[in-house]
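Structure assessment
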Amino acid sequence: MNPCALTLHEASEKLRQRELSSQELTAAVFAQITNTDDRVHSYITLCRESAEKAATKADELLRQGSPTSPLTGIPLAVKDNFLTRGVRTTCASRILGDFMPPYDATTIARLRAQGAVITGKTNLDEFAMGSSAENSAFFATRNPWNLERVPGGSSGGSAAAVALDQCIAALGTDTGGSIRQPAAFCGVVGLKPTYGRVSRYGIIAFASSMDQVGPITKDARDAALLLGAIAGHDPADSTSGNLPVPNYAAALTGDIRGLRIGVPKEYFVSGMQEETKAAVRAAIQELEKNGAVIEDVSLPHTEYAVAVYYIVATAEASSNLARYDGMRFGRRGAAKNLTETYMATRQEGFGAEVKRRIMLGTYALSAGYYDAYYLKAQQVRALIKKDFDDAFHRVDAMITPTAPTTAFKIGEKTQDPLQMYLSDIYTISVNLAGLPALSLPCGFDPQGLPIGLQIIGKPFDEATILNLAYAYEQSTEWHRKKPVL
């Protein structure tokens, strides 16, 4: 087997047993990138030189028998909205095209401290605003299963890189489905942790009350290992939960007997691709065969989730992106005075989707409209969260589709923003409620495109949804299938 095709836990074990060196593994990953990335475009920036140095250092630690982490010597990709000291960080935007951060995000610092090898920065929708990885200022990423299809977004580059073995695992961010939806489209595992489980310090902000960092991996065990490495309280992030971090990998027993799983009726309505509905229903039956107890539940305010999300998220984006004024960092437009400099900088630096969301958010926050839009959206958001709270009194987890369809064609929805926004209809509510959720493959449609299954958990109960995913993987083979270019 090509070393880059190994899962994280397989590669870690081979490194520990000295059956493989980190230098060999890293070289195999970069060879795969060289052979495939001219067609898929997963990466914006590669870190070959620093990766080789990190791999050499990891091999020395392993040779000495020093205490190591499961991540020691493992090549990982990172979405290009994580600050990485001395490595260009663009957020796929012209306005940050040459930005070199002076410090690492907390998650990056934790990866480095555990000996991980960072291969590069992956492509995304500009400022993480999009569902297809087409909104990048540089290029669109393509789906490894079909190069005419999108990989999902906004973490499309990370998902494509994992699916195509251009890294062993990757990090993404999820504001409304941006880890789970591309994981579904690319046939990999994507985990959005509970809001506050992983530090957001050093992540370029989109919507601060919903942004969350999470792993994109080849299977559930890898997701458990990577989450365990990055989770935990961070004094630099005031929204970080000061709670102990469980041993997620140890919790993967595969025993789900008696576990109560809710199936929200609002998620199985018209508009869903028939193959997706059939695959998810089959997955529910498989879990039931393994001893889970299936119950119907209701989340009555689901129909308002997309509207609420696109008011709250755009309002927060409008505030967060005001810092890009050409004065402190990033691109500066040429103009005669301060006001014109602001205007020129943003006109030249921001793409169409980012401008659209800034305008929507500014409108929602403006005098005379704040109460009618933003305040009302926050009130309905509270009702959406209450729906989940009520349902979780009866069940331990919920199962839904990750997306209503499989990957759509490149360019198919770029002229219709509303249709693009509806791609996240099944993932958005989770972010509004701050819950953990995971997507894993559960089948393929007739075109050979992966279908995603979403597992939603109680706050800070990532262990249960990881174990559910692990149990499903033990009785199916979907997660083992690989795209062939």
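The structure we're discussing is the one just above.
Computed from a predicted model, the values in this text were never measured in an experiment.

Further remarks concern the pattern of salt bridges. Tallied over the full model, the rule gives 23 salt bridges. Ionic pairing is found between Lys 289 and Glu 286, a salt bridge with its closest N-O pair at 3.6 Å. Of this pair, Lys 289 and Glu 286 are both found in helix H8 (residues 274-289), 3 residues apart, which corresponds to roughly one turn of the helix. With its nearest N and O atoms 3.2 Å apart, the salt bridge here joins Asp 389 to Lys 385. Highlighted residues: Asp 389 and Lys 385, both in helix H12 (residues 371-391), separated by 4 residues, approximately one helical turn.

What follows concerns the sheet that holds strand E4 (residues 169-173). Sheet strands pair by backbone hydrogen bonding; their relative direction is either parallel or antiparallel. Strand order in the open sheet formed by 11 strands is E1-E3-E2-E4-E6-E5-E10-E11-E9-E7-E8, and the pairing between neighbours is mixed. Among the strands making up the open sheet, the edge pair consists of strand E1 (43-46) and strand E8 (293-297). Geometrically, the sheet is characterised by an average inter-axis angle of 30° between neighbouring strands, direction not taken into account. As judged from the 3 bridges shared by strand E5 (residues 189-192) and strand E10 (residues 437-444), these two strands associate in the antiparallel manner. When the sheet's bridge partners are listed, Leu 191 is paired in E10 with Leu 438.

What follows concerns unusual backbone geometry. In this model, Gly 153 is joined to Ser 154 through a cis peptide bond whose omega is 10°. Looking at where Ser 154 falls in the secondary structure, it is placed in the loop between strand E3 (117-122) and helix H5 (156-163). The backbone of Arg 18 sits at a positive phi, close to 60°, despite the residue not being glycine. Inspection of the secondary structure puts Arg 18 in the loop between helix H1 (8-16) and helix H2 (22-40). We classify Arg 18 as partly exposed; its relative accessible area is 41%. With phi around 60°, Phe 460 is a residue other than glycine that occupies positive phi space. Classification of Phe 460 by relative accessible area gives partly exposed; the value is 29%.

All chains considered together, the criterion is met by 3 cavities of 30 Å³ or more. Approximately 60 Å³ is the volume attributed to the largest cavity. Lining the largest cavity are 13 residues, and of these Gly 130, Ser 178, Tyr 309, Arg 357 and Asp 424 lie nearest its centre. Across the lining of the largest cavity, the residue classes tally to 5 nonpolar, 6 polar and 2 charged. Considered as a void within the structure, the second largest cavity measures approximately 40 Å³ in volume. Mapped onto the lining of the second largest cavity, the elements with two or more residues apiece are helix H6 (180-186) and strand E11 (450-457). Broken down by element, the lining of the second largest cavity gets its largest block of residues, 3 residues, from E11. Taken together, the residues that form the lining of the second largest cavity break down as 5 nonpolar, 5 polar and no charged.

Take the environment of Cys 167 next. As for its position among the elements, Cys 167 is in the loop between H5 and E4. For Cys 167, a relative accessible area of 0% puts it in the buried group. Between the C-alpha atoms of Cys 167 and Thr 107, which are 60 residues apart in sequence, the distance is 17 Å. Non-local contacts of Cys 167, meaning those with residues more than four positions away in its chain, are made with Cys 4, Val 29, Tyr 43, Pro 75, Leu 76, Ala 77, Thr 119, Ala 161, Val 162 and Lys 218.

Within this structure, the stated rule accounts for 16 aromatic pairs. Centroid distance Phe 444 to Trp 478: 5.9 Å. Interplanar angle 55°. Geometry classified as tilted. Taken together, the positions of Phe 444 in strand E10 and Trp 478 in the segment after helix H15 (462-474) put the pair 34 residues apart, joining distant regions of the chain. The class of Trp 478 is partly exposed, set by a relative accessible area of 30%. A connected cluster of aromatic rings, assembled from ring pairs, spans Phe 99, Phe 127, Tyr 324, Phe 329 and Phe 350.

Conventions and cut-offs
Residues numbered from 1 in each chain as written. Predicted model: local features only at pLDDT ≥ 70, side-chain atom pairs only at ≥ 80, totals over all residues. Heavy atoms only, no water. Salt bridge = Lys/Arg side-chain N within 4 Å of Asp/Glu carboxyl O. Helix = DSSP H or I, 4+ residues; strand = E, 2+ residues; numbered from the N terminus. Pairing = 2+ DSSP bridges. Axes fitted to C-alpha atoms, helices over the stretch in contact; angles between N-to-C directions. Buried < 20%, exposed > 50% of the residue type's maximum accessible area, 1.4 Å probe, protein only. 1 Å grid on protein atoms, 1.4 Å probe; cavity = no way out; pocket = protein on both sides within 12 Å on 5 of 7 lines; lining within 4 Å. Points joined across faces, edges and corners; volume = space filled by probe spheres on them. Nonpolar A, V, L, I, M, F, W, Y, C, P; charged D, E, K, R; others polar. Contact = heavy atoms within 4.5 Å. Phe/Tyr/Trp six-rings, centres within 6.5 Å; stacked < 30°, edge-to-face > 60°.

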